[in-house]
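Structural characterization, general
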Amino acid sequence: MRILVTGGAGYIGSHTVKLLLARGHEVTVYDNLSAGHRAAVPKETLVVGDLKDIDHLDHLLLVNRIEAVIHFAASASVGESTTNPSKYYQNNLLNSLNLLDRVRRLGIGRFVFSSTCATYGVPATVPIAETEPQKPINPYGNTKLAFERMLADYAAAYPIGFAALRYFNAAGAAADGTLGEVHDPETHLIPLVIQAALGKRPHVEIFGTDYPTPDGTCIRDYIHVEDLAEAHLLALEAIRPGKGLAYNVGLGAGASVREVIRAVEEVSGKIVLVKEGPRRAGDPPVLVAASDAIRRELGWAPKYPTLKSIVETAWRWHRTHPNGYAKP
Ligand code: UDP
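Values in this document were obtained by computation on a predicted structure and should not be read as measured data.

Looking at the pairing of strand E8 (residues 204–207)
- Going residue by residue along E8, you find Val204 and Ile206 tucked away on one face and Glu205 and Phe207 left uncovered on the opposite face.
- Where E8 meets strand E13 (residues 274–277), 4 bridges bridge the pair, whose relative direction is parallel. Paired with glutamate 205 across the bridge in E13 is lysine 275.

Here's what the structure looks like:
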C-alpha cells in the first residue's frame, strides 16, 4: 500500500514506519520535526512539512497516490495540555480535521488514528474495555475523543474507513537498537527513571503517593512500541470503507510508578533516588487495558509480555544513546 504517515519521525511513528517498510509498503513520512527526529526515518521517505500547510499536504497526497493515512502527528503530554490547551486544540483537532477533509475529498479510504486511553478519563471498570464510557479528564483526552467522534461521523457519511487505536503507555525501543524514545524535554516515566539510573538526573519525582492503589502511586499499562507498531499494520488491513474500528492497545497488566522504578533498578543494576511529590493534574489513578478485542479480532499478540522485557529494550537504547539520536 502507498501510505502517508504523519508524525512518522516521532517515537511511535518511527517504529511503525520501520515495520511498514520491512513489510514492503511504500511510505511517505510527513513531519514538521517539532518533536520528531530526522535520523529516525530513512531520508528518502521524509517530507518536512506542517499539517497547517494544506496545499503542501494536498500535493503530497496526490503525487504519491496515497491509499491510506496513519495519523500520529499530535501533541501528547497530559500535563502540558492542562496548562496550554490552545496548543492541543490547534494541533490535535484543527490540524487533524484539515487532514481528514483532504483525505475525504481525494477519496482515500483508510485512516488509522492514534487515540489514547486518556479518552476514558477515570474509568468505572478496570481493566478498561472499548465499551467503557469515554469521559476524558484533561484537554489532551478531550481533543483525542473529539477527533474519534469526527472520524465516526465521516465514516457514516462518506466512503472512508478508520481504526482508532487507543494506546495505553507506549514504552521500550526497537529490538535491533536503531530506534528509541527521545523527547525534549522528557516527561515520560520510564525514560526519566532510566536517565536517573544513568546519573543524568539526580532523582525521579513520584507524582502522588496517596492514590487509591496498593502502593499509593498511579498504575499504568506499559506496552512495547514495536507491539503498538504491529497493531497499526493489522488495523490498516482490517479497515473497510464506511466502517469504524476502535481498539485498546495495552498488555492488560498494570504497573505502579514504584514498580516501574524497581524494574529499572533490576534491569540496570543501579539505585534510583526517589523524591515523593504532589499529584500531577489530570492523572487518573489506574489505567489498564482489556485488550481482548484486538487480540481476538485482528490476531494481535504482543511480543513483549512483561514490564521487564520492555524496560530491557529501553535501558539498552538509553545506555547506547545517552544524548538521543545523532545530529546530522
Ligand atoms: N510520573 C511520575 N513522575 C514523573 C513522570 C511521570 O510519577 O516524573 C507518573 C505519572 O504521574 C503517571 C505515570 O508516571 O502516573 C506515567 O506517566 P507518563 O507521563 O509516562 O505517561 P502518561 O500516563 O501521562 O501517558
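After presenting the structure, the write-up continues.
Let's talk about the environment of asparagine 248
- With respect to the helices, strands and loops of the structure, asparagine 248 is situated in strand E11 (residues 244–249).
- C-alpha separation for the pair asparagine 248 and valine 288, spaced 40 residues apart in sequence, amounts to 9.6 Å.
- Setting aside anything within four residues of it in sequence, one finds asparagine 248 in contact with Tyr120, Ile128, Ala129, Glu130, Arg166, Phe168, Ala289, Ala290, Ser291 and Ile294.
- Within the local environment of asparagine 248, its side chain forms a polar contact with the backbone oxygen of isoleucine 128, the two atoms lying 2.7 Å apart.

Concerning the pattern of salt bridges
- Considering all chains together, one arrives at 16 salt bridges under this definition.
- Across the pair lysine 18 and aspartate 176 runs a salt bridge whose closest N-O atoms are separated by 2.9 Å. Of the two residues, lysine 18 sits in helix H1 (residues 11–22) while aspartate 176 sits in the loop between strand E7 (169–171) and helix H6 (189–197), which places them 158 residues apart along the sequence.
- One salt bridge in this structure joins arginine 166 and glutamate 148, with 2.7 Å as the shortest N-O distance. A residue pair is termed long-range when its members are at least 10 positions apart, and arginine 166 in strand E6 (residues 161–167) and glutamate 148 in helix H5 (residues 139–157) qualify at 18 residues. For the pair arginine 166 and glutamate 148, one class covers both residues: buried.

Here we look at unusual backbone geometry
- Cis geometry is found at the peptide bond from valine 126 to proline 127, where omega equals -5 degrees.
- Examined against the element boundaries, proline 127 turns out to sit in the loop between strand E5 (110–116) and H5.
- Put simply, aspartate 184 and proline 185 share a cis peptide bond, and its omega is 5 degrees.
- Examined against the element boundaries, proline 185 turns out to sit in the loop between E7 and H6.
- Positive phi values are uncommon outside glycine, yet leucine 33 reaches one of about 60 degrees.
- Within the element layout of this structure, leucine 33 appears in the loop between strand E2 (26–31) and strand E3 (46–48).
- Among the residues examined, leucine 33 registers a relative accessible area of 21% and is labelled partly exposed.
- A positive phi angle is found at arginine 65, which is not glycine, with a value near 45 degrees.
- Secondary-structure assignment places arginine 65 in the loop between helix H2 (54–63) and strand E4 (68–71).
- Classification of arginine 65 as exposed rests on a relative accessible area of 55%.

Rules of the game
Residues numbered from 1 in each chain as written. Predicted model: local features only at pLDDT ≥ 70, side-chain atom pairs only at ≥ 80, totals over all residues. Heavy atoms only, no water. Buried < 20%, exposed > 50% of the residue type's maximum accessible area, 1.4 Å probe, protein only. Helix = DSSP H or I, 4+ residues; strand = E, 2+ residues; numbered from the N terminus. Pairing = 2+ DSSP bridges. Contact = heavy atoms within 4.5 Å. Polar contact = N/O pair within 3.5 Å; in protein donor to acceptor, adjacent residues only side chain to side chain. Salt bridge = Lys/Arg side-chain N within 4 Å of Asp/Glu carboxyl O.

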